[in-house]
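Structure assessment
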Amino acid sequence: MFLQMNEVAKRFADHEVFSGINVSIEKNQFVSILGPSGCGKSTLLSMVAGLEDVTEGTLRLGGEKILHPGTDRGMVFQQPALFPWLTVKDNVTFPLKADHSKREKEQIAANYLKMVHLTRFKDAYPHELSGGMQQRVAIARALAMDPKVLLMDEPFGALDEQTRHILHDELMKIFEETKKTILFVTHSIQEAIKLSDRVIVMGTRPGKIIADFPIDIARPRERDDTKVIEMEKKIMELLEDEIKKVMKEELDYETKHLG
Amino acid sequence: MKPSIWVKRIAFIIVLLAIWQGVYMSGYFPAIQFPPPTKVFQALVEGFADGTLVGALLASFKHLLIGLALAITLGTLIGVLLGKSRQADETAGMYLIAMQSIPSIVWVPLAIMLIGLNETAVIFVVVLGGTFVMALNVRTAIHSVPPEFIKAARTMGAKGLPLFFKVEVPASLPYYMSGIRLAWAFSWRALMAGELLSNGPGLGYSLRFAMDFAQMELVIGIIIIVGVIGSVVDQLVFSKLEKKVMRRWGLLK
């Protein structure tokens, strides 16, 4: 298997985020991790990125154990996190090593900026772009280092509905073009179904995998497709109990502390 | 800026000068204590014409430039140390705030006793005046680097010194510029305190000299010069620089 999580657990001093996570992901697949807030899906993704320590278990990419961040894993965050002192082009070439010549860097930047349709803005500064455009630059930047896997942590969560749909379509095109393995974290059921080959559903308190299934619906997927609606219902039911659990806990806390 | 703003500002000065002239003409204060605006202007013109004020200004700028350069360097080093090392911050961070709250003039007797009644003592006071505020701002600058920048850079393979110089340093530049502007303002105040008690040369020394010889018109004239330089340098150099960086960093529209 290409990306392998084996009995992975994350604990902090006072609580357990999740434990016993076992996932195998094949190459060139688009896999979403879906779950309510607090299930640890973002933490799990950060562990794959190497930004977060693994308490227990192992993570392997292409057979190699993941211990640190590395350029074989590109990450796109909810915030674009572009460097404001660099132009769009220089942001995209930032991860490129010194062994690329200047011309090669220009070429790579041009290539990926074209892919996200921002060629016209290569000399602009990030703050001159809209949120959606900034996020596209962030995607181009992650792709520029030609990672084996693209990690996306609710990348469209901060965008408005309209922009989100446009970026979904763009991401699908990029996925088809580059055939990257993508691991995508989201709390939106629709988003997960629309984009993924496979959806892993996580539950909470403590975090665990409660379902894992393929999405065999031809792309592009329309929202009113009966298969899509069916799938949505199925996942919704799965998550309902989880969300109730969180709500109940919060309500209990309120009544205990305010009542 | 809109011309109407300048009209208001100039009108304000004219009114102020008129009140000043009025008080003088009322004869309430003896002329030696309260010279008219014209006499102050005359004293300034004479001071510049015979070169005494020019010499004093040049000497003051020399003290300031040396002192400020040292303060910025030292402040940056201390600030980076406290900003990067939690150990150092927990140990010494609190004392830095204590040092920064000591008015510069307090250091003057110490400087004179330690170094002597000379220009080095003045520069020493300027350095103390600017270093602590610079260090505090550099520390804040480093602490305020958005964590997502660091995370993003790490996923792109940056770590150690390259991470510091390619991400943390540029990311903290806006606060760094504020630090330099404040260091200048504090150093300028410290310079005047130091020079007032020194035996020259310098603008502060000229001020005390004028007082000793009861030249009120020169006392007021020098106070005006100090105020004008303070605001002009801030507006034309440091504020402009700070705003330019903030705009480029997208922190200011």
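About the cut-offs
Residues numbered from 1 in each chain as written. Chains lettered and ligands numbered in written order. Predicted model: local features only at pLDDT ≥ 70, side-chain atom pairs only at ≥ 80, totals over all residues. Heavy atoms only, no water. Patch = residues over 30% accessible without salt bridge, like charges linked within 9 Å, V, L, I, M, F, W, Y side chains within 5 Å. Areas by Shrake-Rupley, 256 points an atom, 1.4 Å probe, with all protein chains shown as cover. Salt bridge = Lys/Arg side-chain N within 4 Å of Asp/Glu carboxyl O. Helix = DSSP H or I, 4+ residues; strand = E, 2+ residues; numbered from the N terminus. Core = buried A, V, L, I, M, F, W, Y, C linked by side-chain atoms within 4.5 Å. Buried < 20%, exposed > 50% of the residue type's maximum accessible area, 1.4 Å probe, protein only. Domains from an automatic or database assignment. Contact = heavy atoms within 4.5 Å. Pairing = 2+ DSSP bridges. pLDDT = per-residue confidence, 0-100. UniProt positions renumbered as here; feature names shortened; annotations may be inferred. Phe/Tyr/Trp six-rings, centres within 6.5 Å; stacked < 30°, edge-to-face > 60°. Buried area = accessible area lost by both parts, 1.4 Å probe. Polar contact = N/O pair within 3.5 Å; in protein donor to acceptor, adjacent residues only side chain to side chain. Expected span 1.5 Å × (residues − 1). Arc of directions from axis to C-beta. 1 Å grid on protein atoms, 1.4 Å probe; cavity = no way out; pocket = protein on both sides within 12 Å on 5 of 7 lines; lining within 4 Å. Points joined across faces, edges and corners; volume = space filled by probe spheres on them. Nonpolar A, V, L, I, M, F, W, Y, C, P; charged D, E, K, R; others polar.

On to a nonpolar patch on the surface. Together, Ile224, Val228, Val232, Leu236 and Val237 of chain B give the surface a local cluster of nonpolar side chains, amounting to about 380 Å² of exposed area. Following the sequence through the fold, Val228 of chain B ends up in helix 11 (residues 216–248).

This next bit is on the nonpolar core. All names here are of chain A. In terms of nonpolar packing, the biggest core is built from 47 residues, with Met5, Phe83 and Leu183 touching the most fellow members. Both domains that meet at this core, namely domain 1 (29–52 + 66–72 + 147–258) and domain 2 (84–146), each give it at least three residues. Ignoring any residue separated from it by four or fewer positions in sequence, one finds Leu183 in contact with Leu3, Met5, Ile25, Val31, Ile33, Leu45, Val48, Leu150, Leu151 and Met152. Counting 35 residues, the second-largest nonpolar core is a separate cluster that includes Val88, Ala109, Ala138 and Ile182.

Let's shift gears to the sheet that holds strand 4 (residues 56–61) of chain A. All names here are of chain A. Here four strands make up an open sheet; going across it, the order is 2-1-4-5 and the pairing antiparallel. Two strands lie at the open edges of the sheet, namely strand 2 (16–25) and strand 5 (64–65), each paired on one side alone. Note that strand 1 (residues 3–11) and strand 4 share five bridges and pair antiparallel. In the sheet register, Gln4 faces strand 4, and the bridge partner there is Arg60.

On average, residues of chain B score 94 in pLDDT, and 99% of them reach the 70 mark or higher. We note a pTM of 0.85 for the whole complex and an ipTM of 0.89 for its interfaces.

What follows concerns the UniProt feature "domain: ABC transmembrane type-1" (unreviewed entry) in chain B. What UniProt calls "domain: ABC transmembrane type-1" (unreviewed entry) maps, in this numbering, to residues 57–237 of chain B. Structurally, residues 57–237 of chain B is divided into 85% helix and 0% strand, and its ends, taken at the C-alpha atoms, are 18 Å apart.

Here the UniProt-annotated "coiled-coil region" (unreviewed entry) positions come out as residues 229–256 of chain A. Counting secondary structure, residues 229–256 of chain A comes out at 100% helix and 0% strand; the distance between its end C-alpha atoms is 39 Å.

Counted according to the given criterion, the structure contains 16 aromatic pairs over all chains. A ring pair is formed by Phe156 of chain A and Phe184 of chain A, whose centres lie 6.0 Å apart and whose planes are at 50 degrees; its orientation type is tilted. Residue Phe156 of chain A is found in the loop between strand 7 (149–153) and helix 5 (161–178), and its partner Phe184 of chain A is found in strand 8 (residues 181–186); the two are separated by 28 residues along the sequence. For the pair Phe156 of chain A and Phe184 of chain A, one class covers both residues: buried. Centroid distance Trp184 of chain B to Phe238 of chain B: 5.7 Å. Interplanar angle 20 degrees. Geometry classified as stacked.

Before going further, it helps to spend a moment on the interface of chain A and chain B. With 21 residues of chain A in contact, the opposing surface of chain B contributes 18 residues. With both chains or domains summed, chain A and chain B bury close to 1,800 Å², and 71% of this area falls on carbon and sulfur atoms. Of all residues in chain A, the largest losses of buried area upon contact with chain B belong to Trp85, Phe94 and His127 of chain A, amounting jointly to 35% of the total for that side. At the boundary of chain A with chain B, the tally comes to zero salt bridges. Across the contact surface, chain A and chain B share two residue pairs in polar contact (both at pLDDT 80 or more).

Moving on to the UniProt feature "domain: ABC transporter" (unreviewed entry) in chain A. UniProt annotation of "domain: ABC transporter" (unreviewed entry) refers to residues 3–229 of chain A when read in the numbering used here. Split by type, residues 3–229 of chain A is 32% helix and 26% strand. Its first and last C-alpha atoms lie 30 Å apart.

As a further point, take the environment of Ile217 of chain A. Residues and elements named next belong to chain A. Of note, Ile217 is situated in the loop between strand 10 (208–214) and helix 7 (226–258). Owing to a relative accessible area of 9%, Ile217 belongs among the buried residues under this scheme. Spatially, the C-alpha atom of Ile217 lies 13 Å from that of Phe30, the residues being 187 residues apart in sequence. Ignoring sequence-local partners within four residues, the contact set of Ile217 consists of Asp225, Lys227 and Val228.

Looking now at helix 4 (residues 131–144) of chain A. Taking 1.5 Å of rise per residue, the 14 residues of helix 4 of chain A would be expected to cover 20 Å, and the 20 Å separating its terminal C-alpha atoms lies within 8% of that figure. The first or second residue beyond helix 4 of chain A is Asp146 of chain A, which carries a positive phi of 50 degrees.

Residues and elements named next belong to chain B. Along helix 10 (residues 203–212), the residues classified as buried are Leu203, Gly204, Ser206, Leu207 and Ala210. Buried residues of helix 10, seen end-on, are gathered within an arc of 160 degrees and therefore sit on one face of the element. Summarising the contacts, the buried residues of helix 10 are in contact with helix 3 (52–84), helix 9 (173–196) and helix 11.

Right, let's talk about the layout of surface pockets for a bit. All names here are of chain B. Estimates place the volume of the largest pocket at around 780 Å³. For the largest pocket, the lining is made up of 17 residues, of which Arg9, Ile13, Ile224, Val228 and Ser231 are closest to its centre. No other element matches the seven residues that helix 1 (residues 3–26) contributes to the lining of the largest pocket. Counted by class, the lining of the largest pocket contains 14 nonpolar, two polar and one charged residues.

Next up on the list: the domain arrangement of chain A. All names here are of chain A. Looking at the assigned domains, one finds that chain A contains domain 1 (29–52 + 66–72 + 147–258) and domain 2 (84–146). Centre-to-centre separation of domain 1 and domain 2, based on C-alpha positions: 26 Å. On the side of domain 2, 13 residues touch domain 1, which itself brings 15 residues to the contact. Between domain 1 and domain 2 we count two salt bridges in total. In this structure, the salt-bridge partner of Lys180 is Asp146, at a minimum N-O distance of 2.5 Å.

Moving on, we come to the UniProt feature "transmembrane region" (unreviewed entry) in chain B. The residues that UniProt annotates with the feature "transmembrane region" (unreviewed entry) are residues 63–82, 94–115, 121–142, 163–186 and 218–238 of chain B. The span residues 163–186 of chain B carries 96% helix and 0% strand; its end-to-end C-alpha distance comes to 32 Å.

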